[in-house]
Amino acid sequence: MPMRNIFQEIGKTPAEIEAKLNKAYAHFFEGDVENERICFDKGEDEAYIVDIGHSDIRSEGMSYGMTIAALLKKRDLFDKLWNFAQRHMKNTSGPLAGYYSWQVSMKDFTMMDPGPAPDGEEYFAAALLYAAKVFNCEKYKQEAIQLINDMAHKPCEGDVHTMMDVDVGLVRFSPMDGNDFTDPSYNTIAFYRMYGEATGDEIWKRIAENSFNYLQKAVHPVTGIAADYSEYDGTPKATPWYPTSDCFCGDAWRVAWNMGLDAANIGDALERASKNSGNNSDKADENGDKNADKNLAALAHVRDWEIASIRKLLNFLNERRPYLADMRIDGSAFPNEPRPATGGLIAMNGAATVALPAGDPLIKPFAEDLWNMEMPSGTWRYYDGTLYMLGLLACSGKFNV
């Protein structure tokens, strides 16, 4: 999945970029225990990522850590993280078998809640597919396929539903009963296309299409902003345990990056298809050609909408510098005291620029924001830090697997 090197486009040298990545990796994975590090070893062959502010271990962070390890070609770290996840987070029996606990204790490594958070599963599967290519390891691909199949086809049992809602064809907020709504940032369309390619299962094409149709309703048409949670029809959703989940907060920062990755990959696919069509003079299968053209046109429509939405968001924020991290999706005031732009939001905005055409005036300010920001440290370094690492990898072309 080729991706441009945004940092090079804004004038950074390859040596500077590698130094930036190495410094960030050393900070979060090898740095000072009190203020920098988020990754810790358990025994000889396990490692885990800690949400420092909440003193627990989350499937989200573990899957992000595996993605970072794969893209930086750190196989030993990848294996240690995956060993921990399989031994301490994976449900092996009962209705939840095959899914991963979203929250594990850092004191005794037991499950605090055996239920899954789908962004963990989605990134676990993607990380395994990346690792399968980077390390040329078929075992990782087969483990990814098993998880992907469970996400799409695991039968409903008791109060546990299939992770991809069987009625609406969208990712649920959780497979647990009562969670029949979604999270815009869980709709990782680029990953769904990867899952379909890896498995050959047509269901992922339908889920990708459903997610695109859903995001067109969930993303505000003027601001380009989505909420943390929403109903399947895109209506922002407040919940009793999280009253501001109908606003743009921590989860929703990731939506622009999700769209950016998909748009960048589609752009590459369209470029390859254009080159192949120019070299192909065989017109024997006209129906096949027409279907292919129709599919490419549909993909181009998706890409164009994703780019337009990213531009809306970045323009909206750029005009309001210093912009805030929390607001309603129409851009109006957050009901509580809003935070200034956080490291995680800055990173996701920078990462989203991978979708924009070279020379777009929005690339430089947001990529420079990411390049120049201080590395997250202290109590809340986990979420901002993992998103920071993903943003650096995106803008360095490291998702080119």
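Scope of this entry: the structure provided in the associated data block. Predicted, not measured: the structure shown is a model, and the values here were computed from it.

1. Regarding the nonpolar core
For step 1, the next point in the chain: Counting 141 residues, the largest nonpolar core has Met-62, Phe-78, Tyr-130, Tyr-195, Trp-204, Trp-257 and Phe-399 as its most contacted members.
For step 2, the next point in the chain: Residue contacts for Met-62: discarding those within four places in its chain leaves Ala-47, Tyr-48, Ile-49, Ile-57, Leu-81, Phe-84, Ala-85, Met-89 and Phe-124.

2. Concerning helix H13 (residues 381–395)
For step 1, the next point in the chain: Look at H13: 20 Å from first C-alpha to last across 15 residues, which is about the 21 Å you get at 1.5 Å a residue.
For step 2, the next point in the chain: Burial of H13 is extensive: 15 of the 15 residues sit out of reach of the surface.
For step 3, the next point in the chain: Within two residues after H13, Gly-397 carries a phi angle of roughly 75°, on the positive side.

3. A few points about the sheet that holds strand E5 (residues 111–113)
For step 1, the next point in the chain: Read across the sheet, 3 strands follow the order E3-E4-E5 without closing on themselves; strand pairing throughout is antiparallel. Of all strands in the sheet, those with a lone pairing partner are strand E3 (56–58) and E5, marking the two edges. Strand-to-strand twist of the sheet, defined as the mean angle between neighbouring strand axes without regard to direction, takes the value 35°.
For step 2, the next point in the chain: Pairing of E3 with strand E4 (residues 103–105) involves 3 bridges; the strand directions are antiparallel. Bridge pairing in E4 places Asp-56 opposite Ser-105.

4. Quick look at the pairing of strand E1 (residues 39–42)
Each regular strand carries side chains that alternate between the two faces of the sheet.
For step 1, the next point in the chain: Two strands pair when backbone bridges link them, and E1 and strand E2 (residues 46–49) are joined in this way by 4 bridges, in the antiparallel orientation. The residue of E2 that forms the bridge with Cys-39 is Ile-49.
For step 2, the next point in the chain: Joining the antiparallel neighbours E1 and E2 is a turn of 3 residues, in which Gly-43 adopts a positive phi near 65°.

5. Section: unusual backbone geometry
For step 1, the next point in the chain: Backbone torsion omega between Arg-321 and Pro-322 reads -5°, so that peptide bond is classified as cis.
For step 2, the next point in the chain: Take Pro-322: it is sitting in the loop between helix H10 (286–318) and helix H11 (343–352).
For step 3, the next point in the chain: You will see that Ser-55, though not glycine, has its phi angle at about 55°, which is positive.
For step 4, the next point in the chain: Along the chain, Ser-55 falls in the loop between E2 and E3.
For step 5, the next point in the chain: Overall, the relative accessible area of 45% leaves Ser-55 in the partly exposed class.
For step 6, the next point in the chain: Phi angles above zero are rare outside glycine, and Phe-109 is one such case at about 65°.
For step 7, the next point in the chain: Positionally, Phe-109 belongs in the loop between E4 and E5.

6. What about the pattern of salt bridges?
For step 1, the next point in the chain: The tally for this structure, following the rule as stated, stands at 27 salt bridges.
For step 2, the next point in the chain: Of the charged contacts in the structure, one is a salt bridge between Lys-398 and Glu-18, with a shortest N-O distance of 3.0 Å. Residue Lys-398 is found in the segment after H13, and its partner Glu-18 is found in helix H2 (residues 14–30); the two are separated by 380 residues along the sequence.
For step 3, the next point in the chain: A salt bridge links Glu-60 to Arg-254; its shortest N-O distance comes to 3.2 Å. Of this pair, Glu-60 sits in helix H3 (residues 59–71) while Arg-254 sits in the loop between helix H8 (203–218) and helix H9 (255–279), placing them 194 residues apart in sequence.
For step 4, the next point in the chain: Classification of Glu-60 by relative accessible area gives buried; the value is 13%.
For step 5, the next point in the chain: Here Arg-254 falls in the buried class, since its relative accessible area comes to 3%.
For step 6, the next point in the chain: Among the charged side chains, a network of salt bridges with common partners joins Lys-42, Asp-45, Glu-46 and Arg-87.

7. What about the packing of H3 against helix H4 (residues 75–89)?
For step 1, the next point in the chain: Axis separation between H3 and H4 bottoms out at 8 Å; the angle between their running directions is 155°. As far as their axial angle goes, H4 and H3 are roughly antiparallel. Once H3 is placed against H4, the crossing between them reads as left-handed. Every residue of H4 that contacts H3 at Ser-59, Met-62, Gly-65, Met-66, Ala-69 and Ala-70 is listed here: Leu-77, Phe-78, Leu-81, Trp-82, Phe-84, Ala-85 and Met-89.
For step 2, the next point in the chain: Along the lines of polarity and charge, the residues of the contact of H3 with H4 split into 11 nonpolar, 2 polar and no charged.

8. Side note on helix H5 (residues 118–134)
For step 1, the next point in the chain: Compared with the 24 Å implied by 1.5 Å per residue over 17 residues, the 24 Å span of H5 between its first and last C-alpha is a close match.
For step 2, the next point in the chain: With respect to burial, H5 is a largely interior element, 15 of its 17 residues being buried.
For step 3, the next point in the chain: Within two residues after H5, Asn-136 carries a phi angle of roughly 50°, on the positive side.

Cut-offs and rules
- Residues numbered from 1 in each chain as written.
- Predicted model: local features only at pLDDT ≥ 70, side-chain atom pairs only at ≥ 80, totals over all residues.
- Heavy atoms only, no water.
- Core = buried A, V, L, I, M, F, W, Y, C linked by side-chain atoms within 4.5 Å.
- Buried < 20%, exposed > 50% of the residue type's maximum accessible area, 1.4 Å probe, protein only.
- Contact = heavy atoms within 4.5 Å.
- Helix = DSSP H or I, 4+ residues; strand = E, 2+ residues; numbered from the N terminus.
- Expected span 1.5 Å × (residues − 1).
- Pairing = 2+ DSSP bridges.
- Axes fitted to C-alpha atoms, helices over the stretch in contact; angles between N-to-C directions.
- Salt bridge = Lys/Arg side-chain N within 4 Å of Asp/Glu carboxyl O.
- Parallel < 35°, antiparallel > 145°, perpendicular 65-115°, else oblique.
- Left-handed = near helix turned anticlockwise from the far one by under 90°.
- Nonpolar A, V, L, I, M, F, W, Y, C, P; charged D, E, K, R; others polar.

Any functional reading would require information beyond the geometric quantities listed.
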